[in-house]
Amino acid sequence: MIQAIQLILALSFLVLIHEFGHFLFARLFHVRVEKFYMFFNPQISLLRAKKFNGKWHVKFFAKNDDEEWAKYPDNTEWGIGWLPFGGYCAIAGMVDETHSTDDLPSEPQDWEFRSKPAWQRLLIILGGILVNFTAGLLIFVMLMWHYGTDTLPLKNITTGLYYSEIMEQEGFQQQDKILTINGEEPASLPAAINAIILEGKRDVVALRGTDTVRLTLSEDLGERFLAQHNDFDKKEREKARADKNYHKQSYVLMAEWFPFVVEQVILDNTAGIAGIQPGDSVVAVAGVETPSFIHVRKELQRHPCDSVTIDFYRNGERQSARLFLGDQCQLGVTVRMPQFETEHTDYNLLQAIPAGIQHGWDFLVMYVKQFRLIFTKEGAQSVGGFGAIGNMFPDVWNWRGFWYITATLSIILAFMNFLPIPALDGGYILFLLVEIITRRKPSDKFLEKANEVGFWLLLALLIFANGNDIIRFFF
């Protein structure tokens, strides 16, 4: 429920400011905006408001037809629809989802979109994209100003890294320390993962003990990673469906290496009953050596509702205990986390402005680079709709997390709307650029047909993305 509320709030906010961007430039160039709605309103609206004759008129749960209000077309009608899938800004004289060519006057009017110069129409269309992108940058600026940033430099992970099987196939060994990727030192572990998977960088130099090793990674590593990630996620969903209390694990490509040392034992739980004590270091599960925390967690997951032997060191002596794992496959302990040295940076407002802008730009660049993976079989299976977006939000309320994800979604929305697909802002931008270059304006009928094609393309994409969510939920 908390995730759903955050999703609705974030998307409502982003759609609202996006449409306001169109509204702002339309009014700047004296183009009428007939309606401005948050959410869509087929037949009826939850709220309708319009100012005329010197005062505001408001209606709740009202039908959209109103002859009296129609007498004042130069004033914008504001409202909230009942279908929570976006919103719209109905600009006079513009062929879009709110107007067809049949709705336009026979002769262009001065206050219509189609009567304005191409550069003004271009800015009106760009308005939503510009506002979304600017809003994302502004949110990042405010987050850095208020919270600062916390970073764990890759070089400060002194114990080395844990590597998944797919990375071991690439030649990595457990506890290798990555020094450079394509000649550059990654600032953090997420930066290293992005460089390898999203940017497709292949030349890695790592420190193995006291030796320096060079690895050239496979060209299809990104696709193999997605395939393995999708398979892992499917198995986790199956476990969650079988047990509503099961907490799904995340797929780990690389992570900090640290041993499984017990910090605290829940006495009435599995480990407490078996005699496990704080300070015990678990090194094997069911006869399989588990030198790190993630190895222990992976092996425990293989034995739901099973009796297993746990090997551990206590005061330098290797001991064993047999215990029964429930369907959660957990020992019932907390683990002693390593104290790696993190770097916290505080920003005043003047420092936060360039730092936030740079962070937003870096995120956009990273997103564009990962966009290529969508056109692979594995990437297409990873595409998600509203369910996937909702899962981005934490299941407990956190303002910092909410605004950070909202900022990333705002930048993603700006980029997606820039794609040259008819019915999206990018489609209009493409046609306007062609008009500016060729000095020939496409006909309104052509724009209407292009929008129809674009609408069906977007509908197909919407069905595909949310269909993936449904498949992941039930299968």
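All of these numbers come straight from a predicted model, not from anything done at the bench.

Now for the overall build of the protein. A tally of regular secondary structure across the protein gives 14 helices and 18 strands. Taken over 475 residues, the protein has a buried fraction of 45%. Looking at the protein as shown, the accessible area adds up to about 25,800 Å², and 60% of this sits on carbon and sulfur atoms.

We now examine the packing of aromatic side chains. The final tally for this structure, using the stated rule, is 22 aromatic pairs. On the numbers, 5.7 Å between centres and 80° between planes, the contact of Tyr 367 with Phe 415 is edge-to-face. Separated by 48 residues along the polypeptide, Tyr 367 in helix H9 (residues 349-370) and Phe 415 in helix H12 (residues 399-418) bring together distant segments of the chain. The exposure classification of Tyr 367 matches that of Phe 415, with both residues buried. With a centroid separation of 5.1 Å and 75° between ring planes, the pair formed by Phe 402 and Trp 403 is classed as edge-to-face. Owing to a relative accessible area of 4%, Phe 402 belongs among the buried residues under this scheme. The class for Trp 403 is partly exposed, based on a relative accessible area of 28%. Connected via pairs of aromatic rings, a cluster forms that spans Phe 13, Trp 397, Trp 399, Phe 402 and Trp 403. Here Arg 32 stacks its cationic end above the ring of Trp 111, 3.9 Å away from the centre of that ring.

A word on the side chain of Arg 121. The topology assignment puts Arg 121 in helix H3 (residues 118-147). Residue Arg 121 is classed as buried on the basis of its relative accessible area, which comes to 6%. Polar contacts involving the side chain of Arg 121 include one to the side chain of Glu 435, which spans 2.6 Å. With residues up to four places along the chain from it excluded, the contact list for Arg 121 reads Phe 113, Arg 114, Lys 116, Leu 432, Glu 435 and Lys 441.

Another point: the nonpolar core. For soluble globular proteins, nonpolar side chains are generally found buried alongside one another. Leu 161, Met 167, Phe 172, Ile 178, Ile 196, Leu 253 and Met 254 are the most contacted members of the largest nonpolar core, which has 25 residues in total. Those elements giving two or more residues to this core turn out to be strand E7 (161-163), helix H4 (165-169), strand E8 (177-181), helix H5 (189-198) and helix H6 (221-242). With six residues, H5 is the largest single contributor of residues to this core. In contact with Leu 253, other than residues within four places in its own chain, are Tyr 162, Tyr 163, Ser 164, Ile 166, Met 167, Ile 193, Ile 197 and Phe 225. Phe 25, Phe 29, Ile 129 and Tyr 428 belong to the second-largest nonpolar core, a separate cluster that totals 20 residues.

This part is about the pattern of salt bridges. All told, the structure shown has 13 salt bridges when counted by the stated rule. With its nearest N and O atoms 2.6 Å apart, the salt bridge here joins Arg 121 to Glu 435. Placement of Arg 121 in helix H3 and of Glu 435 in helix H13 (residues 425-438) is noted, with a sequence separation of 314 residues between them. Taking the shortest distance from any N to any O, the salt bridge between Arg 224 and Asp 220 comes out at 3.7 Å. Residue classification places Asp 220 among the partly exposed residues on the basis of a relative accessible area of 38%. Counted as one network, the salt bridges with shared partners bring together Glu 170, Asp 220 and Arg 224.

What counts as what
- Residues numbered from 1 in each chain as written.
- Predicted model: local features only at pLDDT ≥ 70, side-chain atom pairs only at ≥ 80, totals over all residues.
- Heavy atoms only, no water.
- Helix = DSSP H or I, 4+ residues; strand = E, 2+ residues; numbered from the N terminus.
- Buried < 20%, exposed > 50% of the residue type's maximum accessible area, 1.4 Å probe, protein only.
- Areas by Shrake-Rupley, 256 points an atom, 1.4 Å probe, with all protein chains shown as cover.
- Phe/Tyr/Trp six-rings, centres within 6.5 Å; stacked < 30°, edge-to-face > 60°.
- Lys NZ or Arg CZ within 6 Å of the ring centre and 35° of its normal.
- Polar contact = N/O pair within 3.5 Å; in protein donor to acceptor, adjacent residues only side chain to side chain.
- Contact = heavy atoms within 4.5 Å.
- Core = buried A, V, L, I, M, F, W, Y, C linked by side-chain atoms within 4.5 Å.
- Salt bridge = Lys/Arg side-chain N within 4 Å of Asp/Glu carboxyl O.

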